[in-house]
Structures are given as C-alpha cells and as structure tokens.
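# Overview (structure and organization)
So you can see what is in the structure, the chains are spelled out below.
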Amino acid sequence: MFTLQEIKRSLLVSIWFVFLTFPLMVIRVDSIEKTVQWRWMNMVYVAIGSFLLSFVFRYMLQRKEMKSDDNGDDDKKDKTGRSFIHQGLADPRYRNIILGSLLAVALIFPHVFSTYQTSIMTTALMYVVLGLGLNIVVGLAGLLDLGYVAFYAVGAYTYALLYHFFGLGFWVALPIGGLLAAAFGILLGIPVLRLRGDYLAIVTLGFGEIIRLVMENWGEFSQGPSGVSNIPRPSFLGIDMSLDTALIYTYYLMLLFVIFTIFFVNRLQDSRLGRAWIALREDEIACQAMGIDKMKTKLVAFSLGAFWAGIVGVIFAAKTTFISPRSFTFIESAIILSIVVLGGMGSIIGVIIGAFILILLPEYLRALSEYRMLAFGAILVCMMVFRPQGIIGSIRRTYTYKKQTDGEVS
Amino acid sequence: MDYFIELLFSGLSRGAIYALIALGYTMVYGIIGLINFAHGEIYMIGAFTSFIIATILTILGFPALAIIVLAGLAAVIWSASYGYTIEKIAYKPLRHAPRLSALISAIGMSMFLQNYVLLAQTSDFLPFPQLIPDFAFMEPIAHIVGSSDMVILVVTTVVMICLTILIKYTRIGKAMRATSQDRTMAMLVGINVNRIISVTFIIGSSLAAIGGMLVASHIGQINFYIGFIAGIKAFTAAVLGGIGSIPGAVLGSVVLGLTESFATGYISSDYEDVFAFSLLVLILIFKPSGILGKVDTQKV
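Residues numbered from 1 in each chain as written. Chains lettered and ligands numbered in written order. Predicted model: local features only at pLDDT ≥ 70, side-chain atom pairs only at ≥ 80, totals over all residues. Heavy atoms only, no water.

## Side note on the overall build of chain B
Counting secondary structure elements, chain B contains 11 helices and two strands. Here the C-alpha radius of gyration of chain B, 19 Å, is about what a compact globule of 300 residues would show, namely 19 Å. Projecting the C-alpha coordinates of chain B onto the three principal axes gives extents of approximately 60 × 45 × 40 Å. Looking at chain B as a whole, 56% of its 300 residues are labelled buried. In chain B, which carries 15 positive and 14 negative side-chain charges, the distance between the mean positions of the two groups comes to 24 Å. (Helix = DSSP H or I, 4+ residues; strand = E, 2+ residues; numbered from the N terminus. Rg over C-alpha atoms; globule rule 2.2 N^0.38 Å. Buried < 20%, exposed > 50% of the residue type's maximum accessible area, 1.4 Å probe, protein only. Lys, Arg positive; Asp, Glu negative; His and termini not counted. Charge placed at Lys NZ, Arg CZ, Asp CG, Glu CD.)

Structure follows, in structure tokens:
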C-alpha cells in the first residue's frame, strides 16, 4: 500500500490542499484595524492532515470497489458477518433478553442518574422519534425532505399558541399539533410531490424557511423573535408536580411514545403501504405499472412523517416551556437528516442508534461541540461515498427457504 | 417615478447577481443532473477570498483598480479550485449512485464548507471594503442608480456574453453541450467526460466567485451564512427559468430580482425571503418545467 507512487500522490494531494486552504485557514485580516494575522501552524496541520486522509480516502474507495466487484457472494457474507445485531433480533430468545434489558435500563434511568442526565436523555428520545418520522419519508419512500423542522415547528407553535390564546392543555394540543402538521404536509405535498425528487428537496427547504420567517416577523400572532414563554409542562390528572418530577414524567411520556413509534413504524414497514413505499423508492415507473397510486402513496408518507414531527414538536414545547423561531432553523433539519443517513436509511435500529450517537456524543464531548456541524457535514458526505446503507443497513424482507430438519419442524 | 426606477435598477442588479450564481446551478444540473447544494458556499468562499486579498492589498497600499482586479482574480482562482475539489471528493465517487445519494452528499458538503469558514475565519459579520468607487459621471443620477449597481450590470453582461461565446463557438463548449445531451454517446465519440464535468464546475464556480465579490462590495458586509440564502434564491431563479437552460437561468434571475425588489419596495421588507420561496412554490405548481425549460418525460 505504501509504495513510492502512493506517497507521491498523497504528497500532491497535500500540496493541493495547502494551496486550497491557504487564504481561509492561514490569513485572518481585520479591515478596520488594518492588521493581518498569519497563522502558519494551520498550514502545517492541513498539510499533515490531508496527507494522511488521502491514504484513508483511497484505501476506503478501493475497498468499496472491491466489494462491489464480487457482488456474487455478497449475500453470504452479509448473513454471517455484518448483521449480527439483526441476527440477534431475529432470534426470539435473544430478542426478548435484549429488549427486556434495554427496557429495564430505560425504566430505571431517571432514578439512577441526575435530572440533568434525564433531560438530555429525553432530548435524545425526541430525536429518535424525529429520526423515525423522517425515516418514513426519506428512508422508506425515498423523498428527500429538507424542511422537516417546519412540521416540528408547526407542532410546537400549535401547543404554545393554543395555550397562549385559548388556554388549551397539553393533552388536547398533542393530537391537534400532530394533525395540523400532517395537514401542512398534505398541503405542501400536493403541488410538489408530482415533481421529481430534487425539486421536493428545495421546496421543503424553502418551506422550512418560510415557516420560520413568518414566525419571526408576524409579531402579533407568534410574538416574533422573542418567542413564546411560560408554556406549561405536561400535566397528569391535574396533579401539581415539582420541577424534577415533571421532568421525569416527561421522560416516561417520551419513552412510552418512542416505544409506540417503534412498534407502529415496524408494523407499517411490513404493511401493504410500507412495501409500496419501498417499491416506489426503487422504481416509480414499475410501481405505477403495478397499480400503485404514486401520488397518494407519497402523500401518505409525507403527511405521516409530518404527523410525527408535529407531535414531537408539542412535546418539545412542553418540555422546554419556551420556544422561539431560533429553535427551528435549517440546522435542525440537517441534524435529523444526518441521524437518518448515519444510522441507515430505512433501518429502524440504525436510526435509533444514529440518534443516540449524534445527540449524546456532542453533549458529552462539550469541547468538540463547535466542530459538531462540521462533523455532521463530513458524516453526510462520507456515508454517501463509502457506506450508503448506513452503520446498520436495513435488510430486505425476502423469502428464505429453510430446509425442514427433524428438530425444527414448527 | 424615481422610486420606481430605483427599484427597477436595484432589481436588475439583484437579478444579475442571481444570474451569476444560477448559471453554475443550471450548468451542473444540465451535465450531471445534480443540484449542487454546495454552490452557494462557493459563492461565499469567493466573497471571503476577495475580502482577505483586498484587505491585504489595501494595507500594502495598492491602487484601487489593481485591488479590484487582483482580488477578483484571487476569488476566481480559489473558488474554481474549491469547485473542482468538491466535485472530485463528493460527487465523482457517486456518479453511478442513486440521485438521492449525490444530493445528500451535496448537502453535507454545503454544511461542511459553511462551518469550515465559520471555524477558520469568524462567525461575525465582517465589514467589506467598498471596492467600487462612486463614479463622477454617475453624479446626476446617483440618488436613483448607484455606481455599484451599474458596475454589477455591466460586469454581468460582459461575463454572460463571454459565456455564450464559450458555449456556442468553442470546442470545449461543444463538448459540454454534447455531454449534457447524452453522456454515454459523448463518451463514445471521444469526449473526456470527466474533464468536461470538471470544466463545468470550474466555470460555474468562477462565475459564482465574481458574483460573490460584486455583491459583497455592494452590500458592504459578509458572513459565513450568505451563501445559503443566496444559493437557494439562485436555485429558485434557475428553476424559474427552466433548469438546465442557460438563457432560462438569466431570464429567471432577472424576473426573481425584479419581483423581490418591487415586493420589498411596495409591500414589506420583512418578508423579502418569503417572496422568493413563495414564487418558487407557485412556479412548481403551475409550470414545473420553468419559463424556457423543456418538459421532460420519464422513460423506462
């Protein structure tokens, strides 16, 4: 691997990147004070970093090409090697143990750890649901939605404003928030879903920005950039709760909701509708030939995804008790998309793991938090280039013909 | 009437800037069928590079004209290099992957570049030096049409003419048109498609860099985030005119620029961005192929 030629190539790459990053990384000017600051150390970092990374990049590309070359026995390898998580879950004995212990950990979590940790965990659970919701749209139906945060905002503002103007409580607002978000999804979906996928990406991106800008500028309605505050936390039969209990209560609520979502999405995936989505993602024309109503199927996916975002939005507003347009920027959509892409599009376990990695890691590595968005961008690119199926890819449902042996006849 | 003309010219110069960016989108889309999300970031990098070079040259005491030319040249060189590199890293390995993969990769690249500039430079708004002086001969109408509006219009027109000549009459332009019509066929007749794609990215990025420098000098401040909104709007313009079509991109940009200018002038400036996005949604509902675009039928 480390032949002279390889080293020469990496050296060239390194020189190219030094040139490329020269003005932005090395020079920093102050046009008012008229001073120039030269940061030569950065140049050294770039040189060494790009030299090493170019080896990794080429090695990974080669490995990927080699894999796609011997596609023939790929199936065999997959079954034994990659998917031991899938295998563990497929076997009912292991599955019950794994899921049981996970549930036990989740249940005692708030009693073992501090409220701060519980609160972070609640956030992570919220992103799990958001990820699963977007997974329906992006992963299953193959529609790239870049304005997912808009539906989240619709849900959050629904609760905040319903409380603000009419004094409606959390439990009333919860379904309304979800349904309203779904309605927005349908409204936006009808014109756009007729078009090819790339337009959808841009229009949803634009829609996300419109919602945010309207909320920022329409002061009388949404209280503008200062946001809505003093939103009540979720209630339980009207019992007064201390702050700690309320947070723990929110955590359990969210946990329940996550379990419900996983169950629902899992069932949905194997339903007629779920299979139609996957078929639509793979080949629209073949799908239409098979008698699937393209428009309706897409619309259902889009509005279902929006519904989930709306519900999480309501919970978000109740958890933080304060919302402002700043919570609903494009970055938020990008984070949710990263979760889905990193975990593996279409894979439920993948999305859950992706959400925990991307939300909890920056939380505990505070020192690196300013590099978070940089890393998210890099993750999106690298995942697409090297591992499009994500860390835990979804497995296709296929018929497997098992030989019936004496012991295992069922 | 004066107000109307003022809005007209500010709309035209706005449209000219959008056109410089939109051309990059439309050319790349025409050739590889990808929305290059990172294009807005190239524009932003162009603005930053010209800012850095211009400030250094001002400190060194160069004459005004030399500063404009050298800063512009630097912006073009570095933006083009970034465009070339991005294509090689993020898009070339995905040439045969599904469209969605390339699109997600492009979004990732855009986020990466934004935060790269944020970390390497600053998150604050930087005051951009006024590179274009107020011309004396513009004095009588200066209250209606600014000098920089005029410069933007003139530069854009010149660039457009050069681009048209390049695409219509040169060998490389011919190869570009061939590649965008049918990539496989172009390969068969001996066109180096990878090189053509690189050239397209380089040209598109250079145009964006020119736009970035002009607009930064016009508005007077820059920030790592300027590429995002400008990118979406230029894309809107490209779709409005019919994506993939070069005259369409220019026409769409002018329409968008005028719409925005009049809407903010006569209705409200709070919703400047909302107008552009609403326009995009409206076009997609009523005429998804754009003003000059071809209707593309899906075939098996």
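## With respect to the overall build of chain A
Broken down by element type, chain A carries 17 helices and two strands. Once local pairs closer than 6 in sequence are excluded, the contacts in chain A between residues at least 24 apart make up 75%. (Contact = heavy atoms within 4.5 Å.)

## Re the nonpolar core
Residues L144 and I323 of chain A are the most contacted members of the largest nonpolar core, which totals 216 residues. Sorting elements by how many residues they give to this core places helix α6 (residues 115-140) of chain A first, with 15 residues. Mapping this core onto the domain boundaries places at least three of its residues in each of domain 1 (4-65) and domain 2 (100-386) of chain A. Not counting the four nearest positions on each side in its chain, L144 of chain A is found in contact with V138, L200, A201, T204 and L337 of chain A together with L100, L103, I104 and I107 of chain B. (Core = buried A, V, L, I, M, F, W, Y, C linked by side-chain atoms within 4.5 Å. Domains from an automatic or database assignment.)

## Considering the packing of aromatic side chains
Residues and elements named next belong to chain A. Scanning the model with the defined rule gives 34 aromatic pairs over all chains in all. Centroid distance F57 to F386: 5.4 Å. Interplanar angle 75 degrees. Geometry classified as edge-to-face. Of this pair, F57 sits in helix α2 (residues 40-69) while F386 sits in helix α17 (residues 372-386), and the two are 329 residues apart along the sequence. Measuring from centroid to centroid gives 5.1 Å for F170 and W171, while their planes differ by 80 degrees, and the two rings are edge-to-face. Residue classification places F170 among the buried residues on the basis of a relative accessible area of 2%. (Phe/Tyr/Trp six-rings, centres within 6.5 Å; stacked < 30°, edge-to-face > 60°.)

## Notes on the interface of chain B and chain A
Contacts between chain B and chain A engage 62 residues on the former and 61 residues on the latter. In total, chain B and chain A occlude about 5,700 Å² of area from one another, counting both sides; carbon and sulfur atoms represent 77% of this. Counting across the chain B and chain A interface gives zero salt bridges. Across the contact surface, chain B and chain A share seven residue pairs in polar contact (both at pLDDT 80 or more). Ranked by residue count, the leading element in the side of chain B that touches chain A is helix α4 (residues 99-120) of chain B, at 16 residues. Residues belonging to the side of chain B that touches chain A are distributed by class as follows: 44 nonpolar, 13 polar and five charged. (Buried area = accessible area lost by both parts, 1.4 Å probe. Salt bridge = Lys/Arg side-chain N within 4 Å of Asp/Glu carboxyl O. Polar contact = N/O pair within 3.5 Å; in protein donor to acceptor, adjacent residues only side chain to side chain. Nonpolar A, V, L, I, M, F, W, Y, C, P; charged D, E, K, R; others polar.)

## Looking at the pattern of salt bridges
Residues and elements named next belong to chain A. Evaluated as defined, the whole model comprises 10 salt bridges over all chains. Between R281 and E282 there is a salt bridge; the shortest N-O distance is 3.2 Å. Given a relative accessible area of 28%, R281 falls into the partly exposed group. Overlapping salt bridges, with partners in common, bring together E209, R212 and E216 in one network.

## A look at the packing of helix α7 (residues 148-166) of chain A against helix α8 (residues 170-192) of chain A
Residue and element names in this part refer to chain A. At a minimum axis separation of 8 Å, α7 and α8 run at an interaxial angle of 140 degrees. Relative to α8, the element α7 is oriented oblique. You can see that α7 and α8 cross each other, and the crossing is right-handed. The segment α7 lies against α8, with F151, V154, G155, T158, Y159 and L162 engaging F170, A173, I176, G177, L180, A181, F184, G185 and L188. (Axes fitted to C-alpha atoms, helices over the stretch in contact; angles between N-to-C directions. Parallel < 35°, antiparallel > 145°, perpendicular 65-115°, else oblique. Left-handed = near helix turned anticlockwise from the far one by under 90°.)

## Quick notes on a positive patch on the surface
Residues and elements named next belong to chain B. On the surface, a cluster of positive charge is contributed by K168, R171, K174 and R177. No other element matches the three residues that helix α6 (residues 171-181) contributes to the positive patch. Positionally, R171 belongs in helix α6. Since its relative accessible area comes to 77%, R171 is described here as exposed. (Patch = residues over 30% accessible without salt bridge, like charges linked within 9 Å, V, L, I, M, F, W, Y side chains within 5 Å. Areas by Shrake-Rupley, 256 points an atom, 1.4 Å probe, with all protein chains shown as cover.)

## Here we look at the domain arrangement of chain A
In terms of domains, chain A is made up of domain 1 (4-65) and domain 2 (100-386). Measuring from the centre of the C-alpha atoms in domain 1 of chain A to the corresponding centre in domain 2 of chain A gives 37 Å.

## Considering helix α10 (residues 246-266) of chain B
Residue and element names in this part refer to chain B. Along its 21 residues, α10 runs 30 Å from first to last C-alpha, staying within 8% of the 30 Å computed at 1.5 Å per residue. Those residues of α10 lying buried are G248, A249, G252, S253, L256, G257, E260, S261, F262, A263 and T264. Along its buried surface, α10 packs onto α1 (2-32), α9 (226-241) and α11 (272-286). Measuring from the side-chain oxygen of the N-cap residue of α10 to the backbone nitrogen of G248 gives 3.0 Å; that N-cap residue is S245. (Expected span 1.5 Å × (residues − 1).)

## Quick notes on the pairing of strand β2 (residues 35-38) of chain A
Side-chain direction in a regular strand flips from residue to residue, so the side chains alternate between the two faces of the sheet. Residues and elements named next belong to chain A. Summarising the sheet, strand β1 (residues 27-30) and β2 pair through four bridges and their orientation is antiparallel. Looking across to β2, one finds that I27 is bridged to W38. Where β1 folds back on β2, the antiparallel hairpin that results is connected by four residues, among which K34 adopts a positive phi of roughly 60 degrees. (Pairing = 2+ DSSP bridges.)

## Some thoughts on the packing of helix α15 (residues 330-343) of chain A against α17 of chain A
Residue and element names in this part refer to chain A. Where α15 meets α17, the closest approach of the two axes is 10 Å, and the angle between their N-to-C directions is 40 degrees. Of the possible angle classes, the one that applies to α15 and α17 is oblique. In the crossing of α15 with α17, the sense of the turn from one axis to the other is left-handed. For the pair α15 and α17, contact is made by I331, I335, L337, S338, V341 and L342 and by R372, M373, F376, I379, L380, M383 and M384, respectively.

## Structural notes on the confidence of the model for chain A
Residues and elements named next belong to chain A. Residues at a pLDDT of 70 or more form 89% of chain A, whose mean pLDDT is 83. Looking across chain A, the model is least confident in helix α3 (residues 74-82), with a mean pLDDT of 46, and most confident in helix α14 (residues 294-320), with 91. Every residue in residues 72-81 is under pLDDT 50, and counting partners more than four places away or in other chains gives five contacts. (pLDDT = per-residue confidence, 0-100.)

## Details of a nonpolar patch on the surface
Together, F19 of chain A together with L60, F62, L70, L73 and I77 of chain B line one region of the surface with nonpolar side chains, adding up to about 530 Å² of accessible area. Considering each element in turn, the nonpolar patch owes the most residues, three residues, to helix α3 (residues 64-91) of chain B. By the secondary structure assignment, L70 of chain B is in helix α3. L70 of chain B sits in the partly exposed class, given a relative accessible area of 36%.

## A few points about the side chain of S10 of chain A
Here S10 of chain A shows up in helix α1 (residues 4-26). Once residues within four sequence positions are removed from consideration, S10 of chain A is found in contact with F51, S54, F55 and R58 of chain A.

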